[in-house]
Amino acid sequence: MMSGCRMADVERLGESGDLFDRVSELIEEARAVVAAQVNAALTLMNWQIGHLIDSDVLGKQRAGYAEEIVATLSPQLTKRYGRGFDKSSLYRMVRFSQTFPDREIVATLGQQLSWSHFKVLLPVYSDEARNFYIQQALDARLSVRALRELIGRQGFERREIANAQTPGGSVVPLDTFRDPYFLDFLGLENAYAERDLEDALIREMEAFLLEVGNGWTFVARQKRMTIDNDDFYLDLLFYSRPLHRLIAVELKIGKFKAAHEGQMKLYLKWLDRYERRSDEEAPLGLILCTETSREQIELLEMHKDGIVVAEYWTTLPPKEELQQRITQIYRAAQERVARRALGPARDDEDYE
């Protein structure tokens, strides 16, 4: 048996270990707070420097002379304060103040986004796209690397392409899906079966959830549905916390077919009757195909039944070609939205 002295020693050691953990937690919390404060101060300082140079130098002096002033200022600051004030950094600060002209917004965002996040956001071509990436970074707490990857994989454009399927009156909320989905992380070759695709998605579920959107959780694979003594199997079932609803996913090899619509409608009806809880919204369906038929999809108006069709790409072309292809699809989607806004063409024009 253990003596009383040894028991006391063990208890003291346990108390010491508990004290160490609690003190360590306090230190980590304090360091995190200090780091956040330092980052916020650095971000705001860079904005103020850029604003000062922009308003007092670039905005008041002729171009050549203004550049000389900045070129002189850079080595002076570097000599006194070290790295971070070279000429290109100073012009980046100017661009920062021009891109984000509201100081209060910068101060607020600086509490959650680092200066490195802002540097990644500066090249984004439009305010709408930039605001999308900012919201994604805040909602998902994206690292700088993850944000850079999302921008490089054109997350905004792919969301807008998917939104083109969901006009006014749709039961599918805007900003829910993307099109196409990039599944290059699966490592699939050109020839594979639907089961191979499903297996790969299950194996790389974490990466897939990051690709499909924030707030999805995996529920089931090959969800069995018994209808009139016949068994049907849904490929994948997810739950979206932000949307408070189930999302059924069907994987298809090849081009979208109109018959896929009826199959997904059946699944959604069954889920709505037997799986949907009283506090949830109606389930949504996502059909992933190797190739979509966008005119068929538009004619079928599946958005009214809560169904979206999207392509998935298991291999990606080189970066420049990828951007060109997504831009082409994006512009076509914008044209479809514009035509829809104009309404159906009329042959019986009014005559005077």
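In case you missed it, the structure is sitting above this.
Residues numbered from 1 in each chain as written. Predicted model: local features only at pLDDT ≥ 70, side-chain atom pairs only at ≥ 80, totals over all residues. Heavy atoms only, no water.

Caption draft 1: Local environment of the packing of helix α6 (residues 127-140) against helix α8 (residues 155-163). It is the contact of α6 with α8, at a shortest axis distance of 9 Å, that shows an interaxial angle of 100 degrees. Here α6 is positioned roughly perpendicular relative to α8, judged by the angle of their axes. Residue-level contacts link Glu128, Ala129, Phe132 and Tyr133 of α6 to Gly155, Phe156, Glu157, Arg159 and Glu160 of α8. Here the contact of α6 with α8 is built from residues that sort into four nonpolar, one polar and four charged. (Axes fitted to C-alpha atoms, helices over the stretch in contact; angles between N-to-C directions. Helix = DSSP H or I, 4+ residues; strand = E, 2+ residues; numbered from the N terminus. Parallel < 35°, antiparallel > 145°, perpendicular 65-115°, else oblique. Contact = heavy atoms within 4.5 Å. Nonpolar A, V, L, I, M, F, W, Y, C, P; charged D, E, K, R; others polar.)

Caption draft 2: Examining α8 more closely. Most of α8 is tucked away, with nine of its nine residues classed as buried. Taken together, the buried positions of α8 are occupied by Gly155, Phe156, Glu157, Arg158, Arg159, Glu160, Ile161, Ala162 and Asn163. Those residues of α8 that are buried are in contact with α6, α7 (144-152), β1 (181-182), α10 (205-212), α12 (294-300) and α13 (319-342). (Buried < 20%, exposed > 50% of the residue type's maximum accessible area, 1.4 Å probe, protein only.)

Caption draft 3: Molecular detail of the pattern of salt bridges. Overall, the coordinates contain 18 salt bridges when judged by the stated rule. A salt bridge links Glu160 to Arg159; its shortest N-O distance comes to 2.6 Å. Given the relative accessible area of 12%, Arg159 is considered buried. Three or more residues are tied together by salt bridges with common partners; here these are Arg153, Arg158, Arg178, Asp184 and Glu211. (Salt bridge = Lys/Arg side-chain N within 4 Å of Asp/Glu carboxyl O.)

Caption draft 4: Molecular detail of the side chain of Arg245. Looking at the element boundaries, Arg245 is found in strand β4 (residues 245-255). Nearest to the buried, unbridged Arg245 among oppositely charged side chains is Glu281, at 4.4 Å. Apart from the residues lying within four places of it in its own chain, the contact partners of Arg245 are Val171, Pro173, Phe238, Tyr239, Ser240, Glu281, Ala282 and Leu284. (Lys, Arg positive; Asp, Glu negative; His and termini not counted.)

Caption draft 5: How the structure looks around empty space enclosed by the protein. Counted according to the given criterion, the structure contains one cavity of 30 Å³ or more. The computed volume of the largest cavity comes to approximately 30 Å³. Residue lining of the largest cavity: Ala162, Asn163, Thr166, Val172, Pro173, Leu174, Asp175, Thr176, Phe177 and Val308, and that is the complete set. Class assignment of the residues belonging to the lining of the largest cavity gives a composition of six nonpolar, three polar and one charged. (1 Å grid on protein atoms, 1.4 Å probe; cavity = no way out; pocket = protein on both sides within 12 Å on 5 of 7 lines; lining within 4 Å. Points joined across faces, edges and corners; volume = space filled by probe spheres on them.)

Caption draft 6: How the structure looks around the sheet that holds β1. Taken together, the six strands give an open sheet; going across it, the order is β1-β6-β5-β4-β3-β2, and neighbouring strands pair in mixed fashion. With partners counted over all chains shown, the strands left at the sheet margins are β1 and β2 (216-227), one partner each. Of the pairings in the sheet, the one linking β2 to strand β3 (residues 230-240) comprises ten bridges and is antiparallel in character. Counted as the bridge partner of Arg224 is Tyr233 from β3. The strands touched by helix α11 (residues 259-274) are β2, β3, β4, β5 (284-291) and β6 (307-313); relative to β4, the strand with the most contacts, the crossing angle is about 160 degrees. (Pairing = 2+ DSSP bridges.)

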